[in-house]
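Analysis of the macromolecular model
Residues per chain are reported as follows:
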Amino acid sequence: MILRDRRQDFGRINEIVRVLVKYGFSSFASYITGKNRNISFSSKDVKEELPSDANERFRYVLQELGVTFIKLGQTLSTYPELIGFDLAEELSLLQESAPVDDYETVKKTIESEFSKPIDEIFDEFSEKPIASASIGQVHTAFLNNKFVAVKVQHPDIKKTLKSDIRIMKIIANRLDNRLEVAKAYNLPGIVEVFEKDMKKELDYKFEAMNAVHLNDLLKNDEVYVPEVYLEYTTNKVLTMEYVDGVSLNTVLKSKDDKYDKKHIAVQGADSFIKQIFIHGFYHADPHPGNIFVIENNTVAFVDFGMMGHLDDDLREDLAKLFIFITEGDAKLLTKQLMYMGIVEDTDDYKQIEYEITMLLDRYYGMQFNEISGVLRGLIEDDMLNEYGVVLPRDLMMVIRTISMIDDVGKDLDPSFNTTEIVRPYAMRMLADTVKPKRLASKTAANLMDAQHLAKKLPESLLNFFNVVEDGHLNISLDSSEIEHLNMVVSRIVNEIVIAIITAALLMGSSLIMLIDTGVRIFDYPILGFVGYTFSAIMGVILIAMIIRGGNY
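The structure presented is a predicted model; accordingly, all values stated were derived computationally and were not measured. (Residues numbered from 1 in each chain as written. Predicted model: local features only at pLDDT ≥ 70, side-chain atom pairs only at ≥ 80, totals over all residues. Heavy atoms only, no water.)

In this section: the overall build of the protein. Looking only at helices and strands, one finds 23 helices and twelve strands in the protein. For the protein, long-range pairs separated by at least 24 residues make up 67% of all intrachain contacts whose partners lie at least 6 apart in sequence. Carbon and sulfur atoms make up 53% of the accessible area of the protein, which amounts to about 29,300 Å² in all. (Helix = DSSP H or I, 4+ residues; strand = E, 2+ residues; numbered from the N terminus. Contact = heavy atoms within 4.5 Å. Areas by Shrake-Rupley, 256 points an atom, 1.4 Å probe, with all protein chains shown as cover.)

Here three strands make up an open sheet; going across it, the order is E6-E8-E9 and the pairing antiparallel. Bordering the open sheet on either side are strand E6 (246-247) and strand E9 (298-301), each of which pairs with just one other strand. Bridging between E6 and strand E8 (residues 291-294) involves two bridges; their strand directions are antiparallel. Paired with Ser 247 across the two strands is Phe 292, which belongs to E8. (Pairing = 2+ DSSP bridges.)

This brings us to the environment of Tyr 425. Along the polypeptide, Tyr 425 turns up in helix H20 (residues 418-432). We classify Tyr 425 as buried; its relative accessible area is 12%. A sequence separation of 151 residues divides Tyr 425 from Lys 274, and the C-alpha atoms of the two residues are 6.7 Å apart. Setting aside residues up to four positions removed in sequence, Tyr 425 forms contacts with Asp 270, Ile 273, Lys 274, Phe 277 and Ile 278. In terms of polar contacts, Tyr 425 uses its side chain to reach the side chain of Asp 270, at 3.1 Å. (Buried < 20%, exposed > 50% of the residue type's maximum accessible area, 1.4 Å probe, protein only. Polar contact = N/O pair within 3.5 Å; in protein donor to acceptor, adjacent residues only side chain to side chain.)

What follows deals with the nonpolar core. Among the nonpolar cores identified, the biggest contains 109 residues, and Phe 277 and Leu 318 are the most heavily contacted of them. In terms of residues, this core owes the most to one element, helix H19 (residues 393-412), which gives nine residues. Ignoring anything within four residues of it in the chain, the contact list for Phe 277 reads Arg 315, Leu 318, Ala 319, Phe 322, Val 422, Tyr 425, Ala 426 and Met 429. Judged by nonpolar contacts, the second largest core, of 16 residues, contains Phe 114, Ala 141, Val 150 and Tyr 232. (Core = buried A, V, L, I, M, F, W, Y, C linked by side-chain atoms within 4.5 Å.)

Two numbers describe how helix H11 (residues 204-218) lies on helix H13 (residues 261-279): the axes approach to 12 Å, and their chain directions differ by 95 degrees. Relative to H13, the element H11 lies roughly perpendicular. Between H11, through Leu 214, Leu 217 and Leu 218, and H13, the contact on the second element is made entirely by Ser 271, Gln 275 and His 279. Residues belonging to the contact of H11 with H13 are distributed by class as follows: three nonpolar, three polar and no charged. (Axes fitted to C-alpha atoms, helices over the stretch in contact; angles between N-to-C directions. Parallel < 35°, antiparallel > 145°, perpendicular 65-115°, else oblique. Nonpolar A, V, L, I, M, F, W, Y, C, P; charged D, E, K, R; others polar.)

Counted by the stated rule, this structure contains eight aromatic pairs. Plain terms: the ring middles of Tyr 23 and Tyr 60 are 6.0 Å apart, the flat faces sit at 40 degrees to each other, and that makes the pair tilted. Remark: Tyr 60 occurs in helix H3 (residues 54-65) and Tyr 23 occurs in the loop between helix H1 (2-22) and helix H2 (26-33); sequence separation between them is 37 residues. Here Tyr 23 falls in the buried class, since its relative accessible area comes to 8%. Classification of Tyr 60 as partly exposed rests on a relative accessible area of 28%. Look at Phe 272 and Phe 301: their rings are 5.1 Å apart centre to centre, the planes differ by 70 degrees, and that puts the pair in the edge-to-face class. Separated by 29 residues along the polypeptide, Phe 272 in helix H13 and Phe 301 in strand E9 bring together distant segments of the chain. (Phe/Tyr/Trp six-rings, centres within 6.5 Å; stacked < 30°, edge-to-face > 60°.)

Before going further, it helps to spend a moment on the environment of Ala 269. Tracing the sequence through the fold places Ala 269 in helix H13. Between the C-alpha atoms of Ala 269 and Asn 417, which are 148 residues apart in sequence, the distance is 9.8 Å. Setting aside its immediate chain neighbours within four residues, Ala 269 contacts Ile 405, Phe 416 and Ile 421.

Another aspect to go through is H20. Look at H20: 22 Å from first C-alpha to last across 15 residues, which is about the 21 Å you get at 1.5 Å a residue. Inspection of H20 places Thr 418, Thr 419, Ile 421, Val 422, Arg 423, Tyr 425, Ala 426, Met 427, Met 429, Leu 430 and Ala 431 among the buried residues, and these make up the whole buried set. (Expected span 1.5 Å × (residues − 1).)

Applying the stated criterion to the full structure yields 15 salt bridges. Across the salt bridge formed by Arg 12 and Glu 15, the nearest N and O atoms sit 2.9 Å from each other. Taken as a pair, Arg 12 and Glu 15 lie in helix H1 at a separation of three residues, close to a single helical turn. By relative accessible area, which is 13% here, Arg 12 ends up buried. With relative accessibility at 37%, the residue Glu 15 sits in the partly exposed group. Between Glu 195 and Lys 169 there is a salt bridge, with the nearest N and O atoms lying 3.0 Å from each other. In this pair, Glu 195 sits in helix H10 (residues 187-201) while Lys 169 sits in helix H9 (residues 157-178), placing the two residues 26 residues apart along the sequence. Among the ionic contacts, a cluster of salt bridges with common partners joins Arg 12, Glu 15 and Asp 164. (Salt bridge = Lys/Arg side-chain N within 4 Å of Asp/Glu carboxyl O.)

To continue, consider the pairing of strand E3 (residues 136-143). With seven of its eight residues buried, E3 lies for the most part within the structure. As consecutive antiparallel partners, strand E2 (residues 131-132) and E3 are separated by three residues. With eight bridges connecting them, E3 and strand E4 (residues 146-153) associate as antiparallel partners. Residue pairing for E4: Leu 143 is matched across the bridge by Lys 146.

Most of strand E5 (residues 237-241) sits inside the fold, with four of its five residues counted as buried. With five bridges joining them, E4 and E5 adopt antiparallel strand pairing. In the strand pairing of E5, Val 152 is matched with Val 237.

Checked against the element boundaries, Asp 86 lands in helix H6 (residues 85-91). Taking relative accessible area as the criterion, Asp 86 reaches 53% and is therefore assigned exposed. With 30 residues separating them along the chain, Asp 86 and Glu 56 place their C-alpha atoms 9.8 Å apart.

Two numbers describe how helix H14 (residues 312-327) lies on H20: the axes approach to 9 Å, and their chain directions differ by 130 degrees. Classified by the angle between their axes, H14 and H20 sit oblique to one another. Of the two elements, H14 crosses H20, and the hand of that crossing is left-handed. Between H14 and H20, the contacting residues are Asp 312, Arg 315, Glu 316, Ala 319, Lys 320, Phe 322, Ile 323, Thr 326 and Glu 327 on the first element and Thr 419, Val 422, Arg 423, Ala 426, Met 427, Met 429 and Leu 430 on the second. Its residues assigned to classes, the contact of H14 with H20 comprises eight nonpolar, two polar and six charged. (Left-handed = near helix turned anticlockwise from the far one by under 90°.)

Structure, rendered in structure tokens:
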């Protein structure tokens, strides 16, 4: 078995090398082969009339190598900070394709999954698929008099992916060991992330639950998410409502006035931005093939294999980033990157701030209309590599999603402006941070941490003293001293919690002052004014506690 796998691996690596050579990547191929003399190639293997663009040629390489490598390219397209936006955009054009399985193969898969004849599951089932991709193909059917789409996984796809990923690991390790520049990309790490993503995509139940979750969040919105029939869904079969419409690709190519492109652009972008800032759960692959337009120019989403998750803190951080970009404030933008842990080296802080200032100056007076351009500039700028600035994948996925929304929106309507949609939701997110419910949630979390600290600190100190005692330095505390220490620690922790809440109120209120609302008091937004008032009260209480406790 092992020998057979090795022979298959060798043959596949040979094929990969020849495809690389075919599209003009001979030097790259040589690093894969290394000292393996059994694999040879020459200039005769190079394809005639190659495109001059290396990014386009690399896309052709992945396309020709098939399913797994197409999927790898699509994953790499989510790392524009690593491979550059030009290559990321090129790889996003990769089209999934696969041979169509015959009806008997599809029928066998379905009956195996449900342990019953297909006629007992569906009223009718179309033998010819309406679409086929790398992981599975889609058939139409009638289920309890409802017209549905049934996605059925290709029978050998799991085996193919497993084999190719094993080879990817071999190649990634070879390149990492032999090519110095490859170390900066952490190729073995990328393959590991890709493997995890593929395990999720191979599980149709995971995609089904994503669709159900998004449908629950957007059920009152203008956009449409098809219903999923969970009782007719397994790991290899996904049954959902048929979306009767056309893909956004068709709308983009349309030259007539059949579709209201401006409405479609705004409606779709508004939903994506709302998913990001309000729900923290969003469709992370908004290319035109995953977006349909149904009756009344309504946007409908399909394919829920790639979803993004954002917690409250990251959404709040994102909101601040976008506000500071639209305000053109390099100082606050740099500080925010530092608070997010993205800028870690304080020695380079001033230089990074200067570089960000230069970046914003490129868009002086236009940053409100060019938020996507600023984000792309921030990622593509050599500053990130020069100062070791690394953006988290969650943040990169959001930036990639917003960039794609901006591109598609402008293709639909040249006057489309993503920032006009982003800014109100960012402001709303910041306003939510000072709402009583959110403050109560944060306060509860802080108090829980504080109580845990107050409870555990005396025990930890005793453990420390025991360690010191073993080192021949004796420190003793009687029970009354321990109790006193506990009281002191509890008081200090309470003061810290109040200080944190006060600081949060001050910061939130300051950000609220940027919001132009209709309700004002003393010519200030009422939320900001109330926030400042409570901050002042909390500050007085804190000072009183410190003076009373003698902690000064």
